[in-house]
Amino acid sequence: MRLLLFFFLLHLQSFFKLSFPQALPPNTTGYACNINQTTPSCQTYAFFRAMGPNQLDLASISDLFAVSRPMIAKPSNLTSLTSPLSPNQALFVPLTCTCNSVNTTTNISYASINYTIKAGDTFYLVSTSLFHNLTTYQSVEIVNPTLVPINLTIGQDVTFPIFCKCPTKTQLQNNINYLISYVFEPFDTISSIASRFGTTRNSIVEINGDNIRLSDTVFVPVSRLPELSQPSPVTISSDRKRDRKGEVIGLGIGLGVCGVMLLLMSGFWAYRESTWKKRVGKNKKDVESKKFEVGVGLMADVSDCLDKYKVHRIEELYEATDGFDESCVIQGSVFKGCIDGKWYAIKRMKWNACEELKILQKINHGSLVTLEGFCIDSADANCYLVYEYLENGSLYTKLHDNKSERLSWKRRLRIAIDIANGLQYIHEHTIPRVVHKDVKSSNILLDAEMRAKIANFGLAKSGCNAITMHIVGTQGYIAPEYLSDGVVSTKMDVFSFGVLLLELISGREVVDEAGKALWVEAYANFNGNEENHKHMLKGFVDNVILEESCAMDSVMNVMSIAIACLHKDPSKRPSMVDIVYALCKSDDLFTDLSEDSFSPHRVLVR
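Residues numbered from 1 in each chain as written. Predicted model: local features only at pLDDT ≥ 70, side-chain atom pairs only at ≥ 80, totals over all residues. Heavy atoms only, no water.

Topic: the overall build of the protein chain
Formally: Each helix is a run of H or I in the DSSP string that is no shorter than four residues. Each strand is a run of E no shorter than two, and both are numbered from the N terminus. Method for areas: the Shrake-Rupley scheme with a 1.4 Å probe, in which residue coverage is limited to the protein chains shown.
When helices and strands are tallied, the protein chain shows 21 helices and 18 strands. As presented, the protein chain carries roughly 30,500 Å² of accessible surface, and 53% of it is formed by carbon and sulfur atoms.

Things to note about the confidence of the model for the protein chain
Under the convention used in this document: In predicted models, pLDDT denotes the confidence assigned by the predictor to each residue on a 0 to 100 scale. Working rule for contacts: check all heavy atoms of both residues, and any pair within 4.5 Å makes them a contact.
Of all residues in the protein chain, 75% attain a pLDDT of 70 or more, and the chain-wide mean is 79. The low-confidence segment residues 233-243, where pLDDT is below 50, has 2 contacts with residues more than four positions distant or belonging to other chains. Predicted confidence is poor over residues 282-297, with pLDDT under 50, and the contacts of this stretch with residues over four places away or in other chains come to 10 contacts.

Concerning the state of the cysteines
What counts here: Note on terminology: pairs of cysteine sulfur atoms within 2.5 Å are recorded as disulfides. Between buried and exposed lies partly exposed: a residue is buried under 20% and exposed over 50% of the maximum accessible area for its type, with that area taken using a 1.4 Å probe on protein chains only.
This structure, assessed with the given rule, holds 3 disulfides. A sulfur-sulfur separation of 2.1 Å characterises the disulfide bridge that pairs Cys97 with Cys164. On the S-S bond that ties Cys97 to Cys164, the torsion sits near 95°, and the link is right-handed. Placement of Cys97 in strand E2 (residues 89-101) and of Cys164 in the loop between strand E4 (157-163) and helix H6 (169-173) is noted, with a sequence separation of 67 residues between them. On the basis of relative accessibility, which here comes to 0%, the residue Cys164 falls in the buried class. In the protein chain, the bonded cysteines, numbered by position in the sequence, are linked as 1-4, 2-6, 3-5. No disulfide involves Cys375; its sulfur sits 8.7 Å from that of Cys383, the nearest cysteine.

Brief notes about unusual backbone geometry
Residue Pro432 is bonded to the preceding Ile431 through a cis peptide linkage, with omega at -10°. Structurally, the position occupied by Pro432 is in the loop between helix H13 (409-428) and strand E13 (434-435). Unlike most non-glycine residues, Phe187 shows phi in positive territory, near 75°. Counting through the fold element by element, Phe187 comes out in the loop between strand E5 (178-183) and helix H7 (190-197). Its relative accessible area of 61% is what places Phe187 among the exposed residues. Notably, Phe324 is not glycine yet its phi reads approximately 55°, a positive angle. Counting through the fold element by element, Phe324 comes out in the loop between helix H10 (314-320) and strand E8 (329-331).

As for the pairing of strand E3 (residues 107-116)
To keep it simple, the criterion reads: Between any two strands, pairing holds if DSSP finds at least two bridges.
With 8 of its 10 residues buried, E3 lies for the most part within the structure. Taken together, the 4 bridges between E2 and E3 define a ladder with antiparallel strand orientation. Residue pairing across strands places Cys99 opposite Ser109, the latter belonging to E3. Pairing between E3 and E4: 7 bridges, direction antiparallel. Looking at the pairing, Ala111 lines up with Ile162 of E4.

Considering the packing of aromatic side chains
For any pair of aromatic rings, the description rests on two quantities: the centre-to-centre distance and the angle between the ring planes. Definition in use: Here a pair means two rings of Phe, Tyr or Trp (six-membered ring of Trp) with centres within 6.5 Å. Their orientation is stacked below 30 degrees between planes, edge-to-face above 60, and tilted elsewhere.
Counted under the stated rule, the structure contains 20 aromatic pairs. Each ring, one from Tyr45 and one from Phe92, has its centre 6.4 Å from the other, and the planes form 70°; the classification is edge-to-face. Of the two residues, Tyr45 is situated in strand E1 (residues 41-50) and Phe92 in strand E2; the sequence distance between them amounts to 47 residues. Owing to a relative accessible area of 6%, Tyr45 belongs among the buried residues under this scheme. According to the relative accessible area criterion, Phe92 is buried, its value standing at 0%.

Observations regarding empty space enclosed by the protein
The cut-off we apply is this: A cavity, in this analysis, means grid points on a 1 Å lattice covering only the protein atoms where a 1.4 Å probe fits yet has no way out; a pocket is instead an open set bounded by protein on both sides within 12 Å along at least five of seven lines, and a residue lines either one if it has an atom within 4 Å of a point. Grid points are joined across faces, edges and corners, and a volume is the space filled by probe spheres set on the points. Residue classes follow a fixed rule: Ala, Val, Leu, Ile, Met, Phe, Trp, Tyr, Cys and Pro count as nonpolar, while Asp, Glu, Lys and Arg count as charged, and any other residue, Gly among them, counts as polar.
Summed over the entire model, instances satisfying the criterion amount to 1 cavity of 30 Å³ or more. Taken as a whole, the largest cavity holds about 60 Å³ of empty space. If you go around the largest cavity, the residues you meet are Lys437, Asp438, Val439, Val472, Gly473, Thr474, Tyr477, Ile478, Tyr482, Met492, Asp493 and Ser496. For the lining of the largest cavity, the leading source of residues is helix H15 (residues 490-506), giving 3 residues. Classifying every residue of the lining of the largest cavity by side-chain character gives 6 nonpolar, 3 polar and 3 charged.

So this is what it looks like as structure tokens:
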């Protein structure tokens, strides 16, 4: 009876949504910000509901927002990264929020999410159906002034500005650490939102005003994230026979009410269905033609790669991965598959892989994951990259998810040197230079001998010293100059490598549950006065390392390299050549260094 009543109320809510479109329109142009009043950027969260058939798994949502699954699972109180999500399940999605200049007079606060256009996409459909009104098509047009909304092409990259805000200095002093982005829904009230997030109605009104409209983004002030109550498996009572007569009567009443609602809604749905069929019939040929053209275009773009890599048939990849079954997922959209008795990592991409293929075909180094082949499925305009499979997974998993496998200090040093060698190669030995743009522990894979290789060149850029408006990457690793000004250079990889060194030293996440970045703490504590560095380091280092007999001078030396990489002035950061030299300058890995060598400048002078 309760279950039937729930579905009845759900249909009733949908009916009112569809039948009363005359509600006041939402804010469409975005939310202004003042760079002088707020921090240039901050880590915050959006309240997001998993809706629709394509959003009932964590991997799809993490891909949409370009964050890892653990970064959503932890704040959302999820215990599994692979279990299906329930319809309408609530999540907290992390955002890197920035105050951005869209013209000479206007600043808008948003998190930049890079999205690749697929068949049938429009700015409106993506904003409403995928991002659930966390942005608007009007703001997408403002942020992408060079794009023509009525002439979008499959594979085109678009920046979707997810509305967010950073706390002002006064709000931070008042213990407001986050302004959570929440979309105002039917039947919401300011008081109900305040109750949901454990705050007060007055505090919400103070920030948002009291004239909040349907689909407006409400910024909810909190000192810490509330704990989301996630659904548990449905249990069936064993006492099914009790009050059987009452259940039958209730069921009859419920069915009668649903029948009335069905009559009311049938006319609307019949009209909607006929309209939809007409539109589909009109556009079907165009869509199929576009898919074919995209497939042919992709093959033409990667024609130079045909001799270098094996071109797989889509049937091979489906067989290798059991139809891309969830049990074969390694991470996100990467699957483990067996082809001709050998294991591979198969990356499924919903966009044009041309740029990634062009970069991969000109790099060949032992510290970079090897591309073995690819496949283009023209039927769905999908690309599949087939990489070598590395048995020990990602560095992130070894450091954070699998605590039973303890990484020794010597092993961590070897991993750091492998990564540094790979970055030095793409920075110094490719023409033009390649910037990876997404150096992080989850993109570092470990082979059977625990040697590290850099993976995932999906965001890589050939050429550097450029300016971009499409800010992409992973929070906690992003260089400040790239986040604020969009400056792309090899020094942004150097910054990310410095963060990765901190991760190796401390064994901690690069962004904690409070949203604070690891590099900010380290730079504040270890840059400048060196008198207390050795004492402070013991409180920073991973307990696994402290339990070993390795000399702390070795750890201090690597910490000094990390701090040098994190210099706020990119021109003062060392090159990867300098870093490799500093990491490898003694056969016994730094044991000859004295305590006085704890200085970024002294360590990295060649």
